[in-house]
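Listed here are the chains, written in short residue letters.
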Amino acid sequence: MTHRQKYHPELPREEEIDLTPSRLSAQKNVVRVFYKDMWDKADLSLVPTIFHPDFTFRGSLGPVLVGHRQFGNYVSWLTETLEDYTSDILELVEEGNRVSGKLRFHGIHRRTLFGEPPTDRRVWWYGAPIFTFDGPLVRDLWVLGDIHGLRSRLAPAEGSALSFDRG
């Protein structure tokens, strides 16, 4: 089954990759399950099927966490803060026991985030994950997130665009 994202006019038009499970390697399929089934549906029952019990996680919004419980609390917090939380998988690259990619995360801002009160608007940011596998389970997940882009969408009046004019 190929997942096709819903179109949201607030987001740049970028298509997800083909996420048909039979077309993905075992490791890429774990990444698909992690984002499309676990995150997008906030299904924490999948955490033990994806991660070692003492895995390490550095999320796109900055926290460094260890283990299933800390990670589960983070998932619950973020999916409650951003209603209709969605992960768009735009690229996946696999080398050895690592899978990395380009993703776009988005949802409707319903709770205070980075000190900004709810805007009830869809906000988004890009993330670049690196999954490190130990056998069939993920041992470490490190995600670099475009926090500047997210914060500028939470409070657009305060966001400042870079200028490269030298005049």
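Scroll up to find the structure.
One numbering rule holds for all chains: residues counted from 1, following each sequence as written. For this predicted model, a pLDDT threshold of at least 70 governs which residues receive local features, and a threshold of 80 or more governs which side-chain atom pairs are given and counted, while totals over whole chains, interfaces and linings are taken from all residues. Think of the side-chain values as coming from all heavy atoms in the structure, minus any hydrogens and water.

**Student:** Any chance you could explain a nonpolar patch on the surface here in plain terms?
**Tutor:** A cluster of nonpolar side chains, Ile130, Trp142 and Leu144, forms an exposed patch at the surface whose accessible area comes to about 250 Å². Where helices and strands are cited, they refer to DSSP runs of H or I of at least four residues and of E of at least two residues respectively, numbered from the N terminus. With respect to the helices, strands and loops of the structure, Leu144 is situated in strand S6 (residues 137-145). Residues forming no salt bridge and having over 30% relative accessible area are the ones grouped into patches, like charges within 9 Å of each other and nonpolar side chains (Val, Leu, Ile, Met, Phe, Trp, Tyr) within 5 Å. All accessible-area figures derive from a Shrake-Rupley calculation using a 1.4 Å probe, and residue coverage is judged against the displayed protein chains alone. A pairing counts as a salt bridge when a side-chain nitrogen of Lys or Arg comes within 4 Å of a carboxyl oxygen of Asp or Glu.

**Student:** So what exactly am I meant to see when it comes to the nonpolar core here?
**Tutor:** Within soluble globular proteins, side chains that are nonpolar generally end up buried alongside one another. We call a set of buried residues a nonpolar core when its members are Ala, Val, Leu, Ile, Met, Phe, Trp, Tyr or Cys and they connect through side-chain atoms within 4.5 Å of each other. Exposed residues in this analysis have more than 50% of their type's maximum accessible area, buried residues have under 20%, and partly exposed residues fall in between, with area computed by a 1.4 Å probe over protein chains only. Ranked by size, the top nonpolar core spans 37 residues in total, and within it Phe34, Tyr35, Trp39 and Phe71 carry the most contacts. Residue contributions to this core peak at 7 residues, all from helix H1 (residues 26-39). Any two residues whose heavy atoms approach within 4.5 Å at even a single point are treated as in contact. Ignoring sequence-local partners within four residues, the contact set of Phe34 consists of Trp39, Ile50, Phe51, Phe71, Phe131 and Leu141.

**Student:** Sorry if this is basic, but what is going on with helix H4 (residues 147-154) here?
**Tutor:** Residue pairs spaced three or four apart in an α-helix point in one direction, given the helix's 3.6 residues per turn. Those residues of H4 that fall on the buried side of the exposure criterion are Gly149, Leu150 and Leu154. Along the axis of H4, the buried positions cluster into a sector of 135°, meaning they face one direction only. On its buried face, H4 is in contact with strand S4 (98-109) and strand S5 (122-134). By arc we mean the arc of the directions from the helix axis to the C-beta atoms, nothing more.

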